[in-house]
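The residues making up each chain are set out below.
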Amino acid sequence: DGTRLVLKVWNERTPEQVEELIGHTCWIAEHGFPTPVPLQLSDGERILTKDGLAWMLLPYVDAEWLASDPDSLHALGEVQARLHAVPVCDGLGSSFSMGFELWEMMFERAEVDGAWSPFLRQLEQEDVRLRVEIPDELPSGIIHGDLFPDNVLGTSGNVLAVLDFEEMCVGAMALDLVMSFVGFGWQDSNPITERWQALLSGYESVRPLNDAERAALPDLHRYATLSIAAWRYWQFVMNIPDTEHADRYLEMTARLDKTLPF
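Quick caveat: nothing in here was measured; it's all calculated off a predicted structure.

What counts, and where the lines are drawn
Residues numbered from 1 in each chain as written. Predicted model: local features only at pLDDT ≥ 70, side-chain atom pairs only at ≥ 80, totals over all residues. Heavy atoms only, no water. Salt bridge = Lys/Arg side-chain N within 4 Å of Asp/Glu carboxyl O. Helix = DSSP H or I, 4+ residues; strand = E, 2+ residues; numbered from the N terminus. Buried < 20%, exposed > 50% of the residue type's maximum accessible area, 1.4 Å probe, protein only. Pairing = 2+ DSSP bridges. Core = buried A, V, L, I, M, F, W, Y, C linked by side-chain atoms within 4.5 Å. Phe/Tyr/Trp six-rings, centres within 6.5 Å; stacked < 30°, edge-to-face > 60°. Lys NZ or Arg CZ within 6 Å of the ring centre and 35° of its normal. Expected span 1.5 Å × (residues − 1). Contact = heavy atoms within 4.5 Å. Axes fitted to C-alpha atoms, helices over the stretch in contact; angles between N-to-C directions.

**Section: the pattern of salt bridges**
Any two side chains of opposite charge can pair, given that their charged atoms come close. Scanning the model with the defined rule gives 12 salt bridges in all. Ionic pairing is found between arginine 121 and glutamate 124, a salt bridge with its closest N-O pair at 3.1 Å. Of this pair, arginine 121 and glutamate 124 both sit in helix α4 (residues 118-133), 3 residues apart, which is roughly one turn of that helix. With a relative accessible area of 30%, glutamate 124 lands in the partly exposed category. Note that aspartate 219 and arginine 129 form a salt bridge whose closest N and O atoms lie 3.2 Å from each other. Residue aspartate 219 is located in helix α7 (residues 211-239), and its partner arginine 129 is located in helix α4; the two are separated by 90 residues in the primary sequence. For aspartate 219, a relative accessible area of 17% translates into the label buried. For arginine 129, a relative accessible area of 33% translates into the label partly exposed. Ionic contacts of the salt-bridge type, sharing partners, join the residues Glu126, Arg129, Asp219 and Arg222 into one network.

**A look at the pairing of strand β3 (residues 53-59)**
Where strand β1 (residues 5-10) meets β3, 6 bridges bridge the pair, whose relative direction is antiparallel. The partner of valine 9 across the bridge, within β3, is tryptophan 55. Bridge count between strand β2 (residues 48-50) and β3: 3 bridges; the pairing is antiparallel. From the neighbouring strand, threonine 49 faces β3, where its bridge partner is alanine 54. Joining the antiparallel neighbours β2 and β3 is a turn of 2 residues, in which aspartate 51 adopts a positive phi near 55°.

**Concerning the nonpolar core**
Counting 78 residues, the largest nonpolar core has Leu76, Trp103 and Met106 as the members making the most contacts within it. With 12 residues, the single largest contributor to this core is α7.

**Considerations on the packing of aromatic side chains**
In this structure the tally under the stated criterion is 14 aromatic pairs. The interplanar angle of 80° and the centroid separation of 5.2 Å between the aromatic rings of phenylalanine 100 and tryptophan 103 together place this pair among those described as edge-to-face. Of the two residues, phenylalanine 100 and tryptophan 103 both sit in helix α3 (residues 100-113), 3 residues apart, roughly one turn of that helix. By the burial criterion, phenylalanine 100 is buried, and tryptophan 103 matches it. When the centroid spacing of 5.5 Å and the interplanar angle of 75° are considered together, the rings of tryptophan 103 and tyrosine 223 count as edge-to-face. With a gap of 120 residues between them, tryptophan 103 in helix α3 and tyrosine 223 in helix α7 connect regions that are remote in the sequence. A single burial state applies to tryptophan 103 and to tyrosine 223, both of which are buried. Here a set of aromatic residues connected by ring pairs shows up, and it is made of Phe96, Phe100, Trp103 and Tyr223. One cation-aromatic arrangement involves arginine 121 over tryptophan 116; the distance from NZ or CZ to the ring centre is 3.8 Å. Against the face of phenylalanine 100 rests arginine 131, its NZ or CZ located 4.3 Å from the ring centre.

**Let's talk about α3**
With 14 residues, α3 ought to run about 20 Å at 1.5 Å a step, and its terminal C-alpha atoms sit 20 Å apart, in line with that. Against α4 and α7 lie the buried residues of α3.

**As for the sheet that holds β2**
On the basis of which strands lie adjacent, the open sheet formed by 3 strands has the order β1-β3-β2 and antiparallel pairing. Looking at strand neighbours, the two that pair on one side only are β1 and β2, the edges of this open sheet. Sheet twist, expressed as the mean angle between neighbouring strand axes with direction ignored, is 30°. Contacting β1, β2 and β3, helix α1 (residues 15-30) crosses the sheet at an angle of about 30° to β3.

So this is what it looks like as structure tokens:
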């Protein structure tokens, strides 16, 4: 009938894990957060299991990826603060899947395979330091964990939909904010101060940061940057080697010595 939908088939999560994620996604949508939820099928379920994989249909959002102009980043900050205001739902874990837990898996794999590299040794050192430097008591809530441009649809100054909550967990809200800056705030390997100011302004129009969060921003940004680098290294060096993506983690490590706008 001309209706446009998105078909999504999950090959890295079990149907049970997908069902759990759908429940969490529906929860935040019910609290007014702009994210598409899977359509209910004829049996009332939101997934169909075929050949051991979960299939779903999602509404199609007719929009481009959100740009990095000040108005759009102000809107993104505001929407992100609204996510952080959603009450934590039952069953949502507190493990950030690209963070310390993944790093430990990488170290164990490197030890077994004899595959230590300069990056993994650097990550090992950063792991020890950041666990100490990042305070445990930072305000926490539901975080997206991966707010990069390819996960946000909108028009200039307007966020229409936030996608792909695979990394969603209960975590430090300021970590989520700086992760958005990692995704949207850099150009030609340099941080853009105006982009940070726009993102922060939008965020604090809903939820101001406290002093502890402000003090932790540099370490949180380093943790976020290294988490993206680690995921890329895990995926494209350790798990699926010899692709054109093998050096993608270097984009993140090249940022570690740059002066930040906070």
